[in-house]
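# Chains, contacts and geometry: an overview
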Amino acid sequence: MTAASLLLCNVRIPDANGKLTPYCAVQIEAGKIARFFSEPYPKVSAAQRLDAKGHLALPAFCDSHTHFSEYGLRLTQLDLSGLSLQAALERIRKRVATAPKETWITGGGWTRQAFGLFPTAAMLDEISTEHFIALRSADWHAAWCNSRVLQKLHPHEFAEAELPCDEQGRFKSVAFERAAKKAMSFVTISAQERQAAIKLAQEEFFKLGITEILTMEESAALPDYHALGETLKLRVRVAIYLESLDAAKKFYAAHPNTNTSLEAAKLFLDGSLGSETCSMLEPFEGQRSSGIDFYSDADLVALFKLVEREGLAISVHAIGDRAVRRALNAFEKLRAQSSPQATGAALPHRIEHAQTIHDSDVTRFAKHGIIASMQPVHIRADIALARRLLGARAERLYRFNSLQSSGATLIFGSDTPVESPNVFEGLFYAIVRCDEQGQVWYGHERLRLQDAVLAYTVNPRRIIHAPRGALEVGCEADIILLSENIFQIPLQNLAQVQVLATILGGEVVYSVL
Ligand SMILES: [Zn+2]
């Protein structure tokens, strides 16, 4: 990255309590904040000037839990959600017109309801037989493909209902269930397409004021980031899935100066609330099941040790209260078993999601220095699920304030593409915490706005000792300008706030000013 010099003029900066101070200018040199001018400033040389027009500046955001390359692919694929058949065909035709022959056109979101019927391969063949077209239904149980794709299937392997054909053996409809799964398994995405997807995702994140991420990746994605070279400006920190840790180590050994950094290894202790697979201390309401557990307790401690020996942080996925407790137990054992000489990992370990926490476990985060890496925006979908599956235990969910008050460090993320990457939506749920009817949900766990902002700015940088995340002299100049003063608007309007400009290391990477 080229370290830029910039003069950011006419800007207002909030203090820890949200009180604003107007500055005539902020001088940025070699990518870092060099000086604040509260009075008209003498002539200073700067390669570039940006007039903030009195708007509020904040440190740029860090998304501490995203699946970034996956998110990029979603952005590039066709979205047919809610479209009529005619509108869908039009959208597909447009995409085909700009796609090189012999490439895949993929995406989905169509429904029989919106189409009025099940579409056919012939409809897609009319658009192209020189591309591979495979489009999932919204519920993922069917795939609408052209015959170029369906020809790869062997009809005798499927029931008639899975791959309906007429007497001449022509495909009559779409592929269902196993045939759909098989058809989608042929989809290949070229390295160029994957890299273009990452670039597109970067643009989206800059628009949202996000300059830094911790992304959950397989080692296979690392060369795609690397190939982008300096085009990748976003600060990309990687949590690698444990299964591909060895491959990732080899990659980083061979590319010591690459544009991403390996920070953590990610492993799973349970599933999710939506699929009723998170691991709970007691069964779900009215059921015998209490979710599923991965790894034995002994294996878990051994795996934690292995990750720590690599000098990496442990990022452990735990959603149910039993999974969170098992993670904390394992961290406790890890601490107890490490020799007095061993300082352990340089970076603190995290529990990803930490969604359901039993009363007796809340203070253990702070006690053992375990970071709670949470995604407030998941509250939107989880309120109804929690009511049905957890009953009164729903009060154990998203314990922002309890954790914060006990001295734990919170870092926030989005879990894109599962949820929206928009930080203001996350802030809304951390602070307002209400359901779709506007009813506040366990209001005692709401955070103050200032504290929620810290979880997207200062905290995720402080835990890795990075000199950024605050608007102070000497800090790397990752700064955003906002459409509103978030400390004065009604909290209900938070989710509508826009980012007007994003500055990364002193370089303006996005601006509508
Ligand atoms: Zn995730």
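Coordinates for the structure precede this section.
Now for a quick tour of the structure. (Residues numbered from 1 in each chain as written. Predicted model: local features only at pLDDT ≥ 70, side-chain atom pairs only at ≥ 80, totals over all residues. Heavy atoms only, no water.)

## Looking at the pattern of salt bridges
Should the charged atoms of two oppositely charged side chains come close, the side chains can pair. Enumeration over the complete set of coordinates arrives at 33 salt bridges. A salt bridge links Arg194 to Asp224; the shortest N-O distance between them is 2.7 Å. Of this pair, Arg194 sits in helix α7 (residues 191–207) while Asp224 is found in helix α8 (residues 222–227), placing the two residues 30 residues apart along the sequence. Since its relative accessible area comes to 5%, Asp224 is described here as buried. Arg388 is the salt-bridge partner of Glu276, the closest N and O atoms lying 3.4 Å from each other. Separated by 112 residues along the polypeptide, Glu276 in the loop between β14 (260–268) and α10 (297–309) and Arg388 in helix α13 (residues 379–390) bring together distant segments of the chain. Note on Glu276: relative accessible area 25%, which makes it partly exposed. (Salt bridge = Lys/Arg side-chain N within 4 Å of Asp/Glu carboxyl O. Helix = DSSP H or I, 4+ residues; strand = E, 2+ residues; numbered from the N terminus. Buried < 20%, exposed > 50% of the residue type's maximum accessible area, 1.4 Å probe, protein only.)

## Notes on a nonpolar patch on the surface
Taken together, the side chains of Phe268, Ile292, Phe294 and Tyr295 present a nonpolar region at the surface, about 310 Å² in accessible area. Mapped onto the elements of the fold, Ile292 is located in the loop between β14 and α10. (Patch = residues over 30% accessible without salt bridge, like charges linked within 9 Å, V, L, I, M, F, W, Y side chains within 5 Å. Areas by Shrake-Rupley, 256 points an atom, 1.4 Å probe, with all protein chains shown as cover.)

## Thoughts on the coordination of the zinc ion
In this structure, His65 (NE2), His67 (NE2) and Asp415 (OD) serve as the protein donors to the zinc ion, at separations of 2.1 to 2.2 Å. For His65, a relative accessible area of 0% translates into the label buried. (Donors = N, O, S within 2.8 Å, 3.2 Å for Na, K, Ca; no water.)

## Considerations on the sheet that holds strand β12 (residues 210–217)
Taken in spatial order, the eight strands make up an open sheet running β6-β12-β13-β14-β15-β16-β17-β18, and their pairing is parallel. Where the open sheet ends on each side, the last strands, each with one partner, are β6 (61–66) and β18 (410–412). The sheet shows a mean angle of 25 degrees between the axes of neighbouring strands, taken without regard to direction. One ladder, built from three bridges, connects strand β16 (residues 350–353) with strand β17 (residues 371–374); its direction is parallel. Its bridge partner lying in β17, Ile351 is registered against Ala372. Along the sheet face, α7 touches β6 and β12 and points at about 135 degrees away from the line of β12. This element, helix α11 (residues 321–337), spans β15 (313–318) and β16 of the sheet and lies at about 155 degrees to β15. (Pairing = 2+ DSSP bridges. Axes fitted to C-alpha atoms, helices over the stretch in contact; angles between N-to-C directions. Contact = heavy atoms within 4.5 Å.)

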